[in-house]
Amino acid sequence: MFRRVYLDNSATTPIDPDVVKEMLPYLTEKFGNPSSIHFFGQEARGAVDKARHRVADLINAKPNQIIFTSGGTESNNLAIRGLCEMNEKYGKHIITSRIEHPAVINVCEKLEEMGFEVTYLPVYGDGIVRVEDVSAAIREDTVLISLMMANNEIGTIQPVRKVGEIVKDCRKNGNKIWFHTDAVQAAGKIPIDVGEIGCDLLSLSAHKIYAPKGTGALYSGRGVRLKPQNLGGHQEREKRGGTENVPSIVALGKACELAREGLKTSFDRLRDLRETFEDGVKERIPGVIFNGKPDTRLPNISNVTFNHLEGEGILINLDMQGIAVSTGSACSSGSLEPSPIILALGQAEDLARGAVRFSFGKENTLEDVEYVLEVLPKAVENLRKLSPGYQSAPAV
Ligand SMILES: *Cc1c(COP(=O)(O)O)cnc(C)c1O
């Protein structure tokens, strides 16, 4: 039987059967519009409220601080554009990092066109932003710091708590400055507490935590004013017009509950799978680099650079043998440009082209890892035989 192993859980996850079960009635008999006064409407309203509580519980927020959106991308757009457009009288400077998701980078670039200035902080070889660099970048006219909690390609966890402290200190001195973090990849992998982080805005996405695509949430804390980006009805406390996607919101709520309950066990399980994978790769394949600070990463991501190879070659070869991985983020694949994230680590273009992301999920087993460790070394060896650079250079 042809074996399929899905190791692209950072691109999207399968929907958990318990999540499907929870949302199903809202696709059939419980179809009401939450804004309607009658029974059908109130039934849907109740379901959305329950989901709001569950999302809030995952990140230790209050339910009325959760805005449902169409996904991580919209949450980031609403957070960054919404905050900057509302508060530009206080300044037009934004601080972010070079390794943010396109849903942050592209919004920042748009704001640059609109007259904002953006500082893109470096991450050095380990994929981590330095807190000193954050402090040094803050100016009197800085209104927003947007720093992801964990990176989607290499899994590095950023020092968001320290940034939260810096922002609080700035506020004590009277600065008008806010802090947004994209926690789409961190959710369900590591604990998230908006109070401990000290962030004002935090983005979540349903399809990265075993719920459907096209739904997400934005936490918006005390003292945050956002300019709505989606104008329409009075939904989501006037922050986001449009009839709620009730089934998917119910699904996101359930996924958040499962993520919270399973956090500790899933962390250990994923880390063990990843360690087994990385130990096996080190043992069997010469000339590899594991990207991102080893002890400051999400438990489920392994990003490996194979020298003298192109990541796409490995991806296609593995795909033919049933193994799904990715090179760079899904959004930038299809082009043969090396991943901007790997380039930001300072890897030369040639080397960076050889980066492949293996991202594990709760459906993966030890047998999956063993299968990959059987297939991958042969694939790498065969591809390297065809690589002119490899013949003349010794393995690193
Ligand atoms: C996937 C992802 C997003 C985008 O979320 P969508 O729900 O797919 O729009 C944003 N940020 C990070 C870090 C992601 O991994």
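K.L.:
For this particular structure, what's the right way to read the sheet that holds strand S4 (residues 117-121)?
P.N.:
The seven strands are arranged S2-S8-S7-S6-S5-S3-S4 in an open sheet whose pairing can be described as mixed. Lying at the two open borders of the sheet, with one neighbouring strand each, are strand S2 (66-69) and S4. Here the average twist between neighbouring strands, direction ignored, is 20°. As paired strands, S2 and strand S8 (residues 216-220) are joined by four bridges and run antiparallel to one another. Paired with Ile67 across the bridge in S8 is Leu218. The sheet strands contacting helix H6 (residues 160-172) are strand S5 (142-146) and strand S6 (178-182), and the helix crosses S6 at an angle near 165°.

K.L.:
For this particular structure, what's the right way to read the side chain of Asn151?
P.N.:
Turning to its location among the elements, Asn151 is positioned in the loop between S5 and H6. Within the structure, Asn151 has its side chain in polar contact with the backbone oxygen of Ile99 (distance 2.8 Å). When near neighbours in sequence (up to four residues on either side) are disregarded, Asn151 contacts Ile99, Thr156, Gln185, Leu298, Ile301 and Ile341.

K.L.:
Just checking my understanding: could you explain the domain arrangement of the chain for this structure?
P.N.:
As a measure of interface size, the accessible area lost when the parts come together is often cited. Once the domains are mapped, the chain shows domain 1 (17-261) and domain 2 (263-385). For domain 1 and domain 2, the distance between their C-alpha centres works out to 28 Å. Between domain 1 and domain 2, the contact holds 29 residues from the first and 25 residues from the second. With both sides pooled, the region where domain 1 packs onto domain 2 buries about 2200 Å², and carbon together with sulfur makes up 63% of that total. Take the side of domain 1 that touches domain 2: its biggest share by element is three residues, from helix H8 (residues 246-261). Considering only residue class, the side of domain 1 that touches domain 2 consists of 13 nonpolar, nine polar and seven charged.

K.L.:
Whenever I open this one, the nonpolar core confuses me. Can you help?
P.N.:
Soluble globular proteins tend to bury their nonpolar side chains together. Among the nonpolar cores identified, the biggest contains 68 residues, and Ile59, Ile66, Phe68, Ile145, Phe179, Ile192 and Leu202 are the most heavily contacted of them. Counting residues in hydrophobic clusters, the runner-up holds 25 residues, among them Leu270, Ile323, Phe358 and Leu376.

K.L.:
Whenever I open this one, the packing of aromatic side chains confuses me. Can you help?
P.N.:
Aromatic ring pairs are defined here through the distance separating the ring centres and the angle between the ring planes. Per the counting criterion, the structure on display carries five aromatic pairs. A centroid spacing of 6.2 Å and a plane angle of 50° characterise the contact between Tyr90 and Trp178, whose relative ring orientation is tilted. With Tyr90 in the loop between helix H3 (72-86) and strand S3 (93-97) and Trp178 in strand S6, the pair connects residues that are 88 residues apart, well separated along the chain. Residue class for Trp178 comes out buried when judged on its relative accessible area of 8%. In textbook terms, an aromatic cluster arises when at least three aromatic residues are bridged by ring pairs, as seen for Phe31, Phe39 and Phe40. Lying over the aromatic face of Phe290, Lys282 brings its terminal NZ or CZ to 5.3 Å of the ring centre. Directly above the aromatic system of Tyr210 lies the positively charged group of Lys362, at a separation of 4.3 Å from the ring centroid.

K.L.:
Please explain the site of the ligand as it appears in this structure.
P.N.:
Taken together, 13 residues sit near the ligand, with Thr73, Asp182, Gln185, Ser205 and Lys208 positioned nearest. Between the ligand and the protein, one listed contact pairs an oxygen atom with a side-chain N or O atom of Ser205 at 2.6 Å. In the model, an oxygen atom of the ligand is placed 2.8 Å from a nitrogen or oxygen of the His207 side chain. If the ligand stood free it would expose 380 Å²; the protein chains cover 88% of that surface. Here the residues of the shell around the ligand are counted per class, giving two nonpolar, nine polar and two charged.

K.L.:
Even after reading the chapter, I still don't get the state of the cysteines, so can you show me in this structure?
P.N.:
By the definition in use, this model includes zero disulfides. Considering cysteine sulfurs only, Cys108 is the nearest to Cys84, which forms no disulfide, with 7.4 Å between them.

K.L.:
I tried to follow the pairing of strand S10 (residues 301-306) on my own but got confused; where do I start?
P.N.:
When a strand is regular, its side chains alternate between the sheet's two faces. In terms of burial, S10 is a largely internal element, six of the six residues being buried. Neither face of S10 is left uncovered, since the one carrying Ile301, Asn303 and Thr305 and the one carrying Ser302, Val304 and Phe306 both have all their residues buried. For strand S9 (residues 288-290) and S10, the ladder comprises three bridges, and the chain directions are antiparallel. Bridge pairing links Val288 to Phe306 in S10. In this structure, S10 lies alongside strand S12 (residues 355-359), joined through five bridges in antiparallel fashion. By the bridge assignment for S12, Val304 is matched with Val356.

K.L.:
For this particular structure, what's the right way to read helix H9 (residues 263-284)?
P.N.:
Because the α-helix completes a turn every 3.6 residues, residues three or four places apart line up on one side. With 22 residues, H9 should cover 32 Å at 1.5 Å per step; its first-to-last C-alpha distance of 32 Å lies within 8% of that length. Buried within H9 are the following residues: Leu263, Leu270, Leu273, Arg274, Phe277, Glu278, Gly280 and Val281. Projection of H9 onto a plane perpendicular to its axis shows the buried side chains occupying an angular sector of 160°, all on one side. Exposed residues on H9 whose side chains face more than 90 degrees from its buried face are Lys264, Thr265, Lys282 and Glu283. The inward-facing, buried residues of H9 contact H8, S9, S10, S12 and helix H13 (366-386).

What counts and how
Residues numbered from 1 in each chain as written. Predicted model: local features only at pLDDT ≥ 70, side-chain atom pairs only at ≥ 80, totals over all residues. Heavy atoms only, no water. Pairing = 2+ DSSP bridges. Helix = DSSP H or I, 4+ residues; strand = E, 2+ residues; numbered from the N terminus. Axes fitted to C-alpha atoms, helices over the stretch in contact; angles between N-to-C directions. Contact = heavy atoms within 4.5 Å. Polar contact = N/O pair within 3.5 Å; in protein donor to acceptor, adjacent residues only side chain to side chain. Domains from an automatic or database assignment. Buried area = accessible area lost by both parts, 1.4 Å probe. Nonpolar A, V, L, I, M, F, W, Y, C, P; charged D, E, K, R; others polar. Core = buried A, V, L, I, M, F, W, Y, C linked by side-chain atoms within 4.5 Å. Buried < 20%, exposed > 50% of the residue type's maximum accessible area, 1.4 Å probe, protein only. Phe/Tyr/Trp six-rings, centres within 6.5 Å; stacked < 30°, edge-to-face > 60°. Lys NZ or Arg CZ within 6 Å of the ring centre and 35° of its normal. Near = heavy atom within 4 Å. Areas by Shrake-Rupley, 256 points an atom, 1.4 Å probe, with all protein chains shown as cover. Disulfide = S-S within 2.5 Å. Expected span 1.5 Å × (residues − 1). Arc of directions from axis to C-beta.

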